[in-house]
Amino acid sequence: MSKKMFGEIMRQAQKIQEEIQRKQEEIKKMTVEATAGGGMVTVQANGAGEIISVKIDKEVVNPDDVEMLEDLVLAAVNEALKRAHELAQSEMAKVSLPFNLPGMPDLSSIFGRL
C-alpha cells in the first residue's frame, strides 16, 4: 500500500470517527414515544435508551387491578426502548454509507451495539 493511499485511508477514518461522535450526540437528543392500552400509558425515551417520561391516564389506575397497570407500563417501556435502539441503529447506519472504501470492513455491524 502506498503512503498516499494509506494517508487517504487515515483521513477517511478520521472523518468517520468525527461523524460518529457528532451523530452519537445528535441521537442522544432525539426522542421516541410508545403507548400501551390504547394510549392509556405513554412512555418517551431518548436515543441514548433512557426513559425520560411516563404518563398514565387516570382511568387505568385501579387499586384492585395493579397488575394490569404494571403490564401496560412494562409494555410501553419495552416498546419505547426498542424504538430508541432502532432509531440509534438507523441514524448510525447513515454515517458509514458515504465512507465505503475499497478493502475496508463493513462498519455497519458495529452499530448494533449502541
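Right, let's walk through the structure included here. Bear in mind that the values here come from a model prediction, so they are computed numbers and not experimental data.

## Thoughts on the pairing of strand β3 (residues 51-56)
Next up, step 1: By the bridge criterion, five bridges tie strand β2 (residues 41-46) to β3 in an arrangement that is antiparallel. When the sheet's bridge partners are listed, T42 is paired in β3 with K55.
Next up, step 2: The hairpin turn running from β2 into β3, its antiparallel successor, is four residues long, and G49 in that turn takes a positive phi close to 80°.

## Examining the pattern of salt bridges
Next up, step 1: Within the structure shown, the criterion is met by eight salt bridges.
Next up, step 2: Among the ionic pairs, R11 bridges to E8, the shortest N-O distance being 3.3 Å. Of this pair, R11 and E8 both sit in helix α1 (residues 3-29), three residues apart, which is roughly one turn of the helix.
Next up, step 3: Between R22 and E19 there is a salt bridge, with its nearest N and O atoms 2.5 Å apart. One end of the pair, R22, and the other, E19, are both in helix α1, three residues apart, so they sit about a helical turn from each other.
Next up, step 4: Overall, the relative accessible area of 40% leaves R22 in the partly exposed class.

What counts, and where the lines are drawn
- Residues numbered from 1 in each chain as written.
- Predicted model: local features only at pLDDT ≥ 70, side-chain atom pairs only at ≥ 80, totals over all residues.
- Heavy atoms only, no water.
- Pairing = 2+ DSSP bridges.
- Helix = DSSP H or I, 4+ residues; strand = E, 2+ residues; numbered from the N terminus.
- Salt bridge = Lys/Arg side-chain N within 4 Å of Asp/Glu carboxyl O.
- Buried < 20%, exposed > 50% of the residue type's maximum accessible area, 1.4 Å probe, protein only.

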